[in-house]
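Below, each chain spelled out in residue letters.
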Amino acid sequence: IVEPKAPVVVSGDNIYIAWWTNNTENGNEEVMFRASNDAGATFSDKINLSNSPDADSWRVEIAAEGADVIVTWWETNQTSDTPVARISTDGGQTFGPMLRLATNGTISNTTD
């Protein structure tokens, strides 16, 4: 059994937190994210980074340096267990597409 965690990373005055929850409209596990850019005085609204109704998104990890943030997790359904990532370069205000990390070959994203 994997216990839910809320990994946190601190970089200067930036605090980034990610977690997974099944308290969502579709009932699946989804990856959430919040950021503070003022040493924790305030936090942004939560962002659903995974938004994947056909898979459970869980086992989240997070890393950051300054305003660069990378959040990784696993997308799991009946037939696959795939590691994915999303990257922010603006302190967690916005994130690029979900990258599907392959064992070999080209990394693909959700727009493919």
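Residues numbered from 1 in each chain as written. Predicted model: local features only at pLDDT ≥ 70, side-chain atom pairs only at ≥ 80, totals over all residues. Heavy atoms only, no water.

With that settled, consider the confidence of the model for the chain. Within the chain, residue pLDDT values average 88, and 87% of them lie at 70 or more. Mean pLDDT across the elements of the chain bottoms out in strand β9 (residues 108–109) (68) and peaks in strand β3 (residues 30–36) (96). (pLDDT = per-residue confidence, 0-100. Helix = DSSP H or I, 4+ residues; strand = E, 2+ residues; numbered from the N terminus.)

Per the stated rule, a full pass over the model turns up three aromatic pairs. Their ring planes at 20 degrees and their centres at 6.2 Å tell us that Y16 and F33 sit as a pair that is stacked. Placement of the pair is Y16 in strand β2 (residues 14–21) and F33 in strand β3, with a sequence separation of 17 residues. Like Y16, the residue F33 is buried in the burial classification. On the numbers, 4.9 Å between centres and 80 degrees between planes, the contact of F33 with F95 is edge-to-face. Here F95 lies in the loop between β7 (81–88) and β8 (99–100) and F33 lies in strand β3, a separation of 62 residues in the sequence. The same class applies to F33 as to F95, namely buried. In this structure an aromatic cluster arises from ring pairing among Y16, F33 and F95. The ring of W58 carries the charged tip of R59 above its face, separated from the ring centre by 4.5 Å. (Phe/Tyr/Trp six-rings, centres within 6.5 Å; stacked < 30°, edge-to-face > 60°. Buried < 20%, exposed > 50% of the residue type's maximum accessible area, 1.4 Å probe, protein only. Lys NZ or Arg CZ within 6 Å of the ring centre and 35° of its normal.)

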